[in-house]
Amino acid sequence: MDIIILKDAREASKEAAKLVAKLVVEKPHAVLGLATGGTPLALYEELVRMHKEEGLSFSKIRSFNLDEYVGLSPDDPASYRHFMDENFFDKIDIDKRNTLVPDGLAKDMPAFCEEYERRIKAAGGIDLQILGIGSDGHIGFNEPASSFNSRTRVKTLAKSTILDNARFFGNDVNKVPLHAISMGIGTILDSRKIILLAFGKAKAEAVASMAEGSVSSSCPATILQFHKSVSIFIDEEAASLLKNRDFYDWVNKHKFC
Ligand code: PGA
């Protein structure tokens, strides 16, 4: 794991955006795995800026989103399809037909999830997966006790996640769907590269467990310790409980290559 600690979310997102842009330039047909929520907003903003001001093109990029709430239609303002269109896809030159977000209204959920996996495979697999982390250590909607081998399926949201996400539903916990389609942990681990972003004090405990704790499905993100190419971009607050903070700064200062 590369653990990169920067002053704030904006600085960290700018650095993460450089890695995304590098891939998009080197491999114009790359397959991106994308995330939603508060965390990746500054990353998308920076990529939109690079598109507008520096000509970074996404025209041949294909993308798969991590998750979607069950029961929300694509035009529901709280749906992740709506989030992606509003914050990223509608502001760049990506071909929207090449952007896949799980269908929260799919009639046959198990069949839909199988097809989602098949489509990721048919696209050649995910080159770069963007992740946030839940305060309970989830990645995607893979809540504690999710199998490390899991594939795309419907998950029940943890109570803490419902509370965390109520802010996207007018602070009404009763409006947060109980279920979501989520790529599995196995699906995420198949990505060739992973960038995880985490900002703010509320993420400090989960970040410390992920980077320095024992691997356990009680904190699903700990499995990223087994992935061969993970870059973790965090701000000072999210880094505040790391025991080996000095070492991470030392490594970044003296990076080989
Ligand atoms: P957030 O969610 O970005 O809204 O904090 C992150 C996550 O749940 O993965």
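This text gives an overview of the structure that appears in the document.

About the thresholds
- Residues numbered from 1 in each chain as written.
- Predicted model: local features only at pLDDT ≥ 70, side-chain atom pairs only at ≥ 80, totals over all residues.
- Heavy atoms only, no water.
- Helix = DSSP H or I, 4+ residues; strand = E, 2+ residues; numbered from the N terminus.
- Rg over C-alpha atoms; globule rule 2.2 N^0.38 Å.
- Buried < 20%, exposed > 50% of the residue type's maximum accessible area, 1.4 Å probe, protein only.
- Contact = heavy atoms within 4.5 Å.
- Areas by Shrake-Rupley, 256 points an atom, 1.4 Å probe, with all protein chains shown as cover.
- Lys, Arg positive; Asp, Glu negative; His and termini not counted.
- Charge placed at Lys NZ, Arg CZ, Asp CG, Glu CD.
- Pairing = 2+ DSSP bridges.
- Axes fitted to C-alpha atoms, helices over the stretch in contact; angles between N-to-C directions.
- Parallel < 35°, antiparallel > 145°, perpendicular 65-115°, else oblique.
- Left-handed = near helix turned anticlockwise from the far one by under 90°.
- Nonpolar A, V, L, I, M, F, W, Y, C, P; charged D, E, K, R; others polar.

1. A look at the overall build of the protein
And step 1. Of regular secondary structure, the protein possesses 8 helices and 10 strands.
And step 2. Compactness check: the protein gives a C-alpha radius of gyration of 17 Å against a globular reference of 18 Å for 257 residues, within 12% of the reference.
And step 3. Principal-axis analysis of the C-alpha atoms gives the protein an extent of 50 × 40 × 35 Å.
And step 4. The buried share of the protein, taken over its 257 residues, is 53%.
And step 5. Across the protein, the fraction of contacts at a sequence separation of at least 24, relative to all contacts at a separation of at least 6, is 79%.
And step 6. Taken as a whole, the protein presents about 12,100 Å² of accessible surface, with 53% of it coming from carbon and sulfur.
And step 7. With 33 positive and 36 negative side-chain charges, the protein shows a separation of 4 Å between the mean positions of the two kinds.

2. Comments concerning the side chain of N65
And step 1. The residue N65 is located in strand β3 (residues 62–65) in this model.
And step 2. Using a relative accessible area of 0% as the deciding quantity, one classes N65 as buried.
And step 3. Each residue touching N65, except ones within four places of it in the same chain, is listed here: L34, A35, T36, M84, F89, L100, V101, P102, Y116 and M183.

3. What about the sheet that holds β3?
And step 1. Spatially, 7 strands are ordered β1-β10-β9-β6-β2-β3-β5 in an open sheet, and the strand pairing comes out parallel. With one partner strand each, in any of the chains shown, β1 (2–6) and β5 (99–100) form the two edges of the open sheet.
And step 2. Sheet topology note: the strand β2 (residues 31–34)/β3 ladder contains 4 bridges and is parallel. Bridging from a neighbouring strand, V31 pairs with R62 of β3.

4. Describing the packing of helix α1 (residues 9–26) against helix α2 (residues 41–54)
And step 1. Where α1 contacts α2, the two axes come as close as 8 Å, and the packing angle between them is 55°. Considering the angle they form, α1 stands oblique to α2. Seen from above, α1 lies across α2 with right-handed handedness. In contact with A9, R10, S13, K14, A16, A17, K18, V20 and A21 of α1, α2 contributes A42, L43, E45, E46, L47 and M50.
And step 2. Taken together, the residues of the contact of α1 with α2 sort by class into 9 nonpolar, 1 polar and 5 charged.

5. Points about the packing of α2 against helix α3 (residues 80–87)
And step 1. At a minimum axis distance of 10 Å, the contact between α2 and α3 shows a crossing angle of 35°. Across the interface between the two elements, L41, Y44 and V48 from α2 touch F83, M84 and N87 from α3.
And step 2. Counted by class, the contact of α2 with α3 contains 5 nonpolar, 1 polar and no charged residues.

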